[in-house]
Amino acid sequence: MNVDKAKKRIAKLVKKGFKGYPLVALEYFGQTADSANEVVITFTLEEGAEPQEQKFACETDARKDETIQSILVKIIERADAMTVTEQETVTVKA
């Protein structure tokens, strides 16, 4: 899947806001605020449930990596997520 298409799909789901559970949250981490070389996807089945996390890392910016963005879309689809949230900024790891 094209990286732009994947990013648009994710953005469209994020824009819908909270629609209930299951919930998928995307967080980006990097050495600087300009480049995210790691993404953490968190899946929460229902309110109060223990969240499950999976991390993906790459040498380049994960937000622009076609493989990672395609995987995120597939995870969201397979989880049948009602709500998708995405962190807008990159959290800098020390």
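Heads up: these notes are all about the structure in this document.

Reading guide: rules and limits
- Residues numbered from 1 in each chain as written.
- Predicted model: local features only at pLDDT ≥ 70, side-chain atom pairs only at ≥ 80, totals over all residues.
- Heavy atoms only, no water.
- 1 Å grid on protein atoms, 1.4 Å probe; cavity = no way out; pocket = protein on both sides within 12 Å on 5 of 7 lines; lining within 4 Å.
- Points joined across faces, edges and corners; volume = space filled by probe spheres on them.
- Helix = DSSP H or I, 4+ residues; strand = E, 2+ residues; numbered from the N terminus.
- Nonpolar A, V, L, I, M, F, W, Y, C, P; charged D, E, K, R; others polar.
- Contact = heavy atoms within 4.5 Å.
- Salt bridge = Lys/Arg side-chain N within 4 Å of Asp/Glu carboxyl O.
- Buried < 20%, exposed > 50% of the residue type's maximum accessible area, 1.4 Å probe, protein only.

**Details of the layout of surface pockets**
Any space left empty among the atoms is revealed by the rolling of a water-sized probe across them. There is about 150 Å³ of room inside the largest pocket. Taken together, the elements giving at least two residues each to the lining of the largest pocket come down to α1 (3–15) and α2 (66–79). For the lining of the largest pocket, a count of residues per class yields five nonpolar, no polar and four charged.

**A short note on the environment of D61**
The topology assignment puts D61 in the loop between β3 (52–57) and α2. Taking C-alpha positions, D61 is 29 Å from Y21, a pair spaced 40 residues apart along the chain. Among residues more than four places away in sequence, those in contact with D61 are D34, S35 and A36.

**A look at the pattern of salt bridges**
One pass over the full model with this rule turns up three salt bridges. E38 is paired through a salt bridge with K93; the nearest N and O atoms lie 3.1 Å apart. Here the residue E38 occupies a position in strand β2 (residues 38–44), and K93 occupies one in the segment after β4 (83–92), the gap between them amounting to 55 residues. Classification of E38 as buried rests on a relative accessible area of 15%.

**What about the side chain of T42?**
With respect to the helices, strands and loops of the structure, T42 is situated in strand β2. Looking at T42, the relative accessible area reads 9%, which means it is buried. Here T42 is in contact with L23, V24, A25, E27, P51, Q52 and E53, once residues within four sequence places are set aside.

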